[in-house]
Amino acid sequence: MIPDSFIQDLLNRVDVADVVGRYVQLKKGGINLLGLCPFHNEKSPSFTVSPTKQFYHCFGCGAHGSAITFLIEHTGASFPEAVRTLAGAVGMTVPEENRSPGQKAATARRREEVSQHTKALDAAQKHYLAQLRDSPAAIRYLKQRGLTGVIAKEFGLGWASADRQALAKVFPHYDDPILVESGLVIESEDGRRYDRFRERVMFPIRNVKGEIVGFGGRIIGKGEPKYLNSPETPVFSKGNELYGLFEARAAIRTEGCVIVVEGYMDVVGLAQLGVRNAVATLGTATTPTHIQKLLRASDKIIFSFDGDSAGRRAAWRALQACLPLLRDDIFIRFLFLPTEHDPDSYIREFGEEAFRASLKESDALSTFFLNELASRHAIKEVEGRSALVHEARPLLAQVPAITLKIQLQNELARLVQLTPEELSQLMAQLPPPTMAGLPDANGFRAGADRSGSAQGNRSVDQASRGQEPGAYESSLGEPQSGRPVFGARSSGRTPGVSSAGTSRRSVTPLARRLLRLFLTHPELIDDLGDQQLEILHRGPNLEMVRDLIVLAQSTGARHVGALIQVADPGADLGVLLASVAADLMAQETLPNPQAEWEDAVRRIELESLKAEQEALIADGLNNLQSQQNYQELSGRISRLIKVIESVKAN
């Protein structure tokens, strides 16, 4: 970790005006310097740099901070990278003595890991490009969709053939773990490997630097899923990336707005037809991180989802993600096309001008907000209006104290036949929620320190590699409350703290899913019932999950940052918390975390039942009792699978 004393000394020696001036043309404006803000599109300068205060601030988008913050936000550098860049410019050497050899090694491993992922993804991209040239079927499909070779080249479209191991011709060592870790190859339970993407048009997904971080593949024949994304990896998270943002950055500045659509083909199709300022979410709900990136690109966002019910649900989730980030100087609108159309099909049938005209007629966020709420309740009845207010209150509580919030409350009061004062009194009874996952004024997320992506420079998202440290065997303990918790030790050590020399374990996908769920929704821990805790206790390979629960219960920590502070940094749980903190805090808030938890419990129980069944088989099923137990377990497994499939289908 870089000492705070060094940071302050560095900022005293660095001139923020010199740093910003390398990227932004500044001119004198009184005692300060003025320029066009690099974080959002503007025509008149509202970006101010103060040489005396060593601070910058944009009165348009609210961006502000020090020279270090500017490099992080503008260039995408990590905190250590920004510090080292500035230190080198003024002849200072970043001290390393406070970092242990293990931390230094972890940093080196992380850099090497990212490098390996980048090389693997780039090699795969070259292969997919070459395959497209040799696939008449794929070329014919793209032409049928109205795409030219020029636009296909601009977006780097490729083709994954039907060969189950086509990438074995690209990578001499097809058994290299990096191929699985980067999402290019899948390894089955029996150890056999095969390419994740087959018979699909390939869309490379780039980050803001233009680096390939993942892929999306669209099937051109019959089959499901129609779209397939890379999985979560150390360099790729669906909740953080927007498809086409890198390619659209120039057009967004020119057009003065960014259009958000649902699919890759919408982005590419619109670009082909002249609308080049569109981006897409990656098959996931719009997240606060998405909104932040969009607002850095433009102060005007237009969501244009499909006109069906699924499109309206996606738009409503996007609106909810926008609420905590609303400002009076931004414009967020929603375009709902006819039910039978998506943006690509609409512009092909009616033309570019008609689509641009429809953008101008899109609904303001306030209009969509009020109309959607009104459509859900019988507003001609007293009970319906009361239910509407009940639903609206927590949503409005997320909106910052801006003029738009007052206007929304006044319009809502009129809709439900209350006076603005009466509605304000009701609103005052509900404290505004805090938004986890949003960076503070200096650009740091809660729970992450200044050493990099997370405390201690430990490898980010080791969980997705299956190589993160595991926890130790736990026993069922009994706290003073009388409620059973897991992982309590008689040694008196803090839960989650391991003794030196104990081997570390990998975390299974199900355990990783539970860890992420509890860390992003720690309120679930407070509602765990004894039956659910018992299922967790029986579930195999869930030691880390149990350690997390007992750590939260014994300390009262209910936040990733707080959990990091109370966990032993050398213990398995402490290492995992630190390594995934930044990624976890950026994940979207699930619309129904309780349903996610209930599904996980069912899957834990299913694994436990299968383990019992396998144990019976191993013993030989050589008596009537074991045979009856086996049949009973088979019935329970069958019923549980039906429930899981039924819930998934709905």
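Further up the page is the structure itself.
Residues numbered from 1 in each chain as written. Predicted model: local features only at pLDDT ≥ 70, side-chain atom pairs only at ≥ 80, totals over all residues. Heavy atoms only, no water.

**A word on the packing of aromatic side chains**
Now for step 1: One pass over the structure, following the stated rule, counts 22 aromatic pairs.
Now for step 2: Taking 6.5 Å as the distance between ring centres and 50° as the angle between the ring planes, the aromatic pair formed by phenylalanine 47 and phenylalanine 70 counts as tilted. Placement of phenylalanine 47 in strand β3 (residues 47-50) and of phenylalanine 70 in helix α3 (residues 67-75) is noted, with a sequence separation of 23 residues between them.
Now for step 3: Taking the relative accessible area as the measure of exposure, phenylalanine 47 reaches 0% and is therefore buried.
Now for step 4: We classify phenylalanine 70 as buried; its relative accessible area is 0%.
Now for step 5: Through a chain of ring-to-ring contacts, three or more aromatic side chains come together here, namely Phe303, Phe305, Trp316, Phe334, Phe336, Phe368 and Phe369.
Now for step 6: Sitting above the plane of the tyrosine 194 ring, arginine 164 keeps its charged end 4.7 Å from the centroid.
Now for step 7: Geometry around phenylalanine 336 places arginine 312 over its ring, the cationic atom sitting 4.1 Å from the centre. (Phe/Tyr/Trp six-rings, centres within 6.5 Å; stacked < 30°, edge-to-face > 60°. Helix = DSSP H or I, 4+ residues; strand = E, 2+ residues; numbered from the N terminus. Buried < 20%, exposed > 50% of the residue type's maximum accessible area, 1.4 Å probe, protein only. Lys NZ or Arg CZ within 6 Å of the ring centre and 35° of its normal.)

**Regarding the sheet that holds strand β14 (residues 300-305)**
Now for step 1: The strand order β13-β12-β14-β15-β16 describes an open sheet built from five strands, whose pairing is mixed. Across the chains shown, the open sheet's two edge strands, defined by having one partner strand only, are β13 (278-280) and β16 (363-364). (Pairing = 2+ DSSP bridges.)

**Here we look at the nonpolar core**
Now for step 1: Ranked by size, the top nonpolar core spans 53 residues in total, and within it Tyr128, Leu157, Leu184, Phe215, Tyr243 and Phe355 carry the most contacts.
Now for step 2: The biggest single contributor to this core is helix α10 (residues 264-272), with six residues.
Now for step 3: When residues no more than four places from it in sequence are discounted, the contact partners of leucine 157 are Leu129, Leu132, Leu142, Leu147, Ala152, Met202, Phe203, Pro204, Tyr243 and Val268.
Now for step 4: Grouped together as the second largest cluster of nonpolar side chains are 46 residues, Ile291, Phe303, Leu325 and Ala397 included. (Core = buried A, V, L, I, M, F, W, Y, C linked by side-chain atoms within 4.5 Å. Contact = heavy atoms within 4.5 Å.)

**Observations regarding helix α6 (residues 136-144)**
Now for step 1: What α6 keeps buried is the set Ala138, Tyr141 and Leu142. End-on, the buried residues of α6 take up no more than an arc of 95°, which puts them together on one face. Residues of α6 that are exposed and angled more than 90 degrees away from the buried face: Pro136, Lys143 and Gln144.
Now for step 2: Downstream of α6 by a residue or two, glycine 146 has a phi angle that is positive, lying close to 85°. (Arc of directions from axis to C-beta.)

**With respect to the sheet that holds strand β1 (residues 27-29)**
Now for step 1: If you walk across this open sheet you meet the five strands as β1-β2-β3-β4-β5, and the pairing is antiparallel. The open sheet terminates on both sides in strands that have one partner only, identified here as β1 and β5 (64-65).
Now for step 2: Across three bridges, strand β2 (residues 32-35) lies against β3 in antiparallel orientation. Among the inter-strand pairings, leucine 34 is bridged to a residue of β3, identified as threonine 48.

**Points about the pairing of β2**
Now for step 1: Pairing analysis gives three bridges linking β1 to β2, with the strands arranged antiparallel. Note on β2: the bridge partner recorded for lysine 27 is leucine 34.
Now for step 2: What sits between β1 and β2 in their antiparallel hairpin is a turn of two residues, with glycine 30 showing a positive phi close to 75°.

**Describing the packing of helix α16 (residues 382-397) against helix α18 (residues 420-428)**
Now for step 1: Between α16 and α18, the shortest axis-to-axis distance is 10 Å and the interhelical angle comes to 70°. In terms of axis orientation, α16 runs roughly perpendicular to α18. Here α16 and α18 pass one another in a crossing that is right-handed. Here Val389, Arg393, Leu396 and Ala397 of α16 lie close against α18, whose contacting residues are Leu423, Leu426 and Met427.
Now for step 2: Along the lines of polarity and charge, the residues of the contact of α16 with α18 split into six nonpolar, no polar and one charged. (Axes fitted to C-alpha atoms, helices over the stretch in contact; angles between N-to-C directions. Parallel < 35°, antiparallel > 145°, perpendicular 65-115°, else oblique. Left-handed = near helix turned anticlockwise from the far one by under 90°. Nonpolar A, V, L, I, M, F, W, Y, C, P; charged D, E, K, R; others polar.)

**Description of the side chain of serine 304**
Now for step 1: Note that serine 304 resides in strand β14.
Now for step 2: A relative accessible area of 1% places serine 304 in the buried class.
Now for step 3: In contact with serine 304, not counting residues within four places along its chain, are Ile259, Val260, Val261, Leu335, Leu337, Pro343 and Phe355.

Note that all results are geometric; they support no functional claim without further evidence.
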